[in-house]
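Listed below, chain by chain, are the residues.
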Amino acid sequence: DVYKRQVLATLTLALLAVLLVLRAGSGEVQAYLVGNWPAPFGITLALDRLGALMVLLTALVACAALVYALGGVAARGLHFHALFQFQLMGLNGAFLTADLFNLFVFFEVLLAASYGLLLHGRGAGQRQRLQAAVHYVTFNLAGSTLFLVALGLLYGVTGTLNMADLAVKLPALPAGDTRLAQAAGLLLLTVFAVKAALLPLYFWLPDTYAAASAPVGSLFAIMTKVGVYAVLRVTTLVFGAEVAAPFLSLLALATLALAAVGALAATRLRGLVAYLVVGSAGTLLLAAGLGSAGTLAAGLFYLVNSTLVAAAWFLLADRIAAARGGSDLLQPRPLAGSWGALGTAYFVAAVAVAGVPPLAGFMGKALLLQAAGPGPLGAWVVAGVLAASLAVMVALARAGSIIFWKSAQEAGVPAADRSPAHPAAITGLLGAVLLAAVAAGPLAAYTGAAAQQLLQRQAYIDAVMGAPPAPAAWDVRKEMRERGDAK
């Protein structure tokens, strides 16, 4: 019964996410006053194309991760399903809130849940998860402290933390307060860089993601995108792109180079997958740092493919390790189970993540190079993205040859801990990756419109600041007068 309720709740989230995308597709930014107090005095949620897209990606990854977890991982410890749902609440709240303080609150919700999920599970790998959790918690606690300092500075000089209200008040600040606000903006970008694993603040990610159980790592694939989303939101709406220029683009290129070296040097498959996540974050932050409509549209297009394929990689790496006796070391070992199914999934996932035609990863990178080429960093962007893609292809080809060609196959021996839920989850995610390539035209149109909407911030400001409170269902004062007259 618990499993059925969890699946039903997550599927319902996916259905609602589809409806939100359809609703946001009209181009109108829609605001919801949670306590019925007008902005900036109350809590406001806002829905635009980008927010709806992020909620949909969260729901798709969550469905696959939950199905995989029902194959055995969820039963290895306590409170998995409660932590899983709290994580989803934090993620969705972060993507929909229109207030920086509530962004902090939702960050803390998803981080608190992620601490429990990272440590979830008994048996093999428990020691590694505990060690990784120490670094993960330490980094994020430091980030949360900086977040609060930045919010205090902003509130001290503006008297508000509503993002739409900040966008109106920041340009009117006197010179001294403007410098304080800029310092707060840089602190916020530092915090978001921690979440997105931007160089040099990426140290926590490879070990953490590699140590997490497969469904948890798959869900964590969307967590780095929270940092990317926050960077996009504050640089386009609140502070302007100049607060991040040009250091964000340069650090993103350095992150890409680091991810390429890390992938080539990886000795474990899970470690290789973790560096693929770092590389995708670097590509997305590069698009955000360049800041033009074309690069933002290309980055959002790439975001869809990179999120889905990263989530699939964590599940696939776990299946490959199970087929090799529980080891993910990149060394020749006997391979049990279905060689053909695992090899096909590996090939599709490798093509998708490396940016090779004809899948959407290639299209996203091609759009990014086309948009960035004429800019001042065009040559560096083209060289960096192409070199990183080549390094990833080499790393994946090397790992694949060790796993599938240099290892003897144990025919007829089933892989350990196998469940029908496992191939179903992997097939679902890879199917979504293929669908993104087939529907590249509509997807590019949506992400292009989302990028334009991000840059046209007045519509967001008007929607949030102009949202009227809902009329009361009944007039309490009138009812009290009528009761008095009746007496």
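Residues numbered from 1 in each chain as written. Predicted model: local features only at pLDDT ≥ 70, side-chain atom pairs only at ≥ 80, totals over all residues. Heavy atoms only, no water.

Re the overall build of the protein
- What the protein contains, in helices and strands, is 20 helices and four strands.
- Scaling as 2.2 N^0.38, a compact globule of 487 residues should have a C-alpha radius of gyration of about 23 Å, and the protein matches this with 23 Å.
- Across the 487 residues in the protein, those meeting the buried criterion constitute 56%.
- Long-range contacts, defined as pairs at least 24 residues apart, comprise 79% of the intrachain contacts of the protein with a sequence gap of at least 6.
- With 28 positive and 18 negative side-chain charges, the protein shows a separation of 11 Å between the mean positions of the two kinds. (Helix = DSSP H or I, 4+ residues; strand = E, 2+ residues; numbered from the N terminus. Rg over C-alpha atoms; globule rule 2.2 N^0.38 Å. Buried < 20%, exposed > 50% of the residue type's maximum accessible area, 1.4 Å probe, protein only. Contact = heavy atoms within 4.5 Å. Lys, Arg positive; Asp, Glu negative; His and termini not counted. Charge placed at Lys NZ, Arg CZ, Asp CG, Glu CD.)

Here we look at empty space enclosed by the protein
- Tallied over the entire structure, the rule returns five cavities of 30 Å³ or more.
- For the largest cavity, the calculated volume is near 140 Å³.
- Listed by contribution, the elements that provide at least two residues to the lining of the largest cavity are helix H11 (247-265), helix H12 (269-290) and helix H16 (378-405).
- Residue contributions to the lining of the largest cavity peak at five residues, all from H12.
- Of the residues assigned to the lining of the largest cavity, the class counts are ten nonpolar, four polar and one charged.
- In this model, the second largest cavity occupies a volume close to 80 Å³.
- Secondary-structure elements contributing two or more residues to the lining of the second largest cavity are helix H4 (100-119), helix H5 (126-158), helix H8 (204-211) and helix H10 (223-238). (1 Å grid on protein atoms, 1.4 Å probe; cavity = no way out; pocket = protein on both sides within 12 Å on 5 of 7 lines; lining within 4 Å. Points joined across faces, edges and corners; volume = space filled by probe spheres on them. Nonpolar A, V, L, I, M, F, W, Y, C, P; charged D, E, K, R; others polar.)

A few points about the packing of aromatic side chains
- What the rule picks out here adds up to 16 aromatic pairs.
- Ring plane angle 85° and centroid distance 5.1 Å describe the contact between Trp-313 and Tyr-346, whose orientation is recorded as edge-to-face. With Trp-313 in helix H13 (residues 293-323) and Tyr-346 in helix H14 (residues 339-354), the pair connects residues that are 33 residues apart, well separated along the chain. Of the two residues, Trp-313 and Tyr-346, neither departs from the other in class, the shared state being buried.
- Taken together, the ring pairs in this structure connect Tyr-115, Tyr-136, Trp-204, Tyr-209, Phe-220 and Phe-314 into an aromatic cluster. (Phe/Tyr/Trp six-rings, centres within 6.5 Å; stacked < 30°, edge-to-face > 60°.)

Side note on the pattern of salt bridges
- A full pass over the atoms with the stated rule returns six salt bridges.
- As a salt-bridge pair, Arg-268 and Asp-328 come within 2.8 Å of each other at their nearest N and O atoms. On the criterion of sequence distance, the pair formed by Arg-268 in the loop between H11 and H12 and Asp-328 in the loop between H13 and strand E3 (335-336) is long-range, its members being 60 residues apart.
- The exposure class of Arg-268 is partly exposed, given its relative accessible area of 42%. (Salt bridge = Lys/Arg side-chain N within 4 Å of Asp/Glu carboxyl O.)

Quick notes on H5
- Helix length check: H5, at 33 residues, gives a terminal C-alpha distance of 47 Å against a target of 48 Å (1.5 Å per residue), a fit within 8%.
- Once H5 ends, the next one or two residues include Gly-159, with phi positive near 75°. (Expected span 1.5 Å × (residues − 1).)

Looking at the layout of surface pockets
- Empty space within the second largest pocket amounts to approximately 370 Å³.
- Together, 14 residues line the second largest pocket, and Leu-53, Leu-56, Val-304, Ala-439 and Leu-443 are the ones closest to its centre.
- Per-element tally for the lining of the second largest pocket: the top contributor is helix H2 (residues 49-69), with four residues.
- Counted by class, the lining of the second largest pocket contains 14 nonpolar, no polar and no charged residues.

Considerations on the nonpolar core
- Counting 181 residues, the largest nonpolar core has Leu-100, Leu-154, Phe-192, Trp-313 and Tyr-346 as the members making the most contacts within it.
- Looking at this core, the element that brings in the most residues is H13, giving 20 residues.
- With sequence-adjacent residues up to four places away left out, Leu-100 is seen in contact with Phe-147, Leu-151, Leu-154, Leu-161, Met-163, Leu-166, Leu-188 and Val-234. (Core = buried A, V, L, I, M, F, W, Y, C linked by side-chain atoms within 4.5 Å.)

Considering a nonpolar patch on the surface
- A cluster of nonpolar side chains, Leu-15, Leu-16, Val-18, Leu-19 and Leu-22, forms an exposed patch at the surface whose accessible area comes to about 490 Å².
- As for its position among the elements, Leu-22 is in helix H1 (residues 2-24). (Patch = residues over 30% accessible without salt bridge, like charges linked within 9 Å, V, L, I, M, F, W, Y side chains within 5 Å. Areas by Shrake-Rupley, 256 points an atom, 1.4 Å probe, with all protein chains shown as cover.)

Thoughts on the environment of Ala-245
- Mapped onto the fold, Ala-245 is located in the loop between H10 and H11.
- The exposure class of Ala-245 is partly exposed, given its relative accessible area of 43%.
- Along the primary structure Ala-245 and Gln-453 are separated by 208 residues, whereas in three dimensions their C-alpha atoms are 21 Å apart.

Topic: the environment of Leu-166
- Along the chain, Leu-166 turns up in helix H6 (residues 163-169).
- A relative accessible area of 0% means that Leu-166 is categorised as buried.
- A sequence separation of 72 residues divides Leu-166 from Val-238, and the C-alpha atoms of the two residues are 6.1 Å apart.

Considerations on H2
- The first and last C-alpha atoms of H2 sit 30 Å apart over 21 residues, in line with the 30 Å expected at 1.5 Å per residue.
- Extensive coverage of H2 is indicated by the burial of 19 of its 21 residues.

A closer look at unusual backbone geometry
- The peptide bond linking Ala-39 to Pro-40 adopts the cis configuration, its omega dihedral lying at 10°.
- With respect to the helices, strands and loops of the structure, Pro-40 is situated in the loop between strand E1 (30-33) and strand E2 (44-47).
- Residue Pro-358 follows Pro-357 across a cis peptide bond; omega there is 10°.
- Relative to the assigned elements, Pro-358 resides in the loop between H14 and helix H15 (360-372).
- Here the phi dihedral of Asn-36 falls at roughly 65°; this positive angle occurs in a residue that is not glycine.
- Of note, the phi angle at Ala-197 is positive, near 65°, even though the residue is not glycine.
- Take Ala-197: it is sitting in the loop between helix H7 (175-196) and H8.

Any functional reading would require information beyond the geometric quantities listed.
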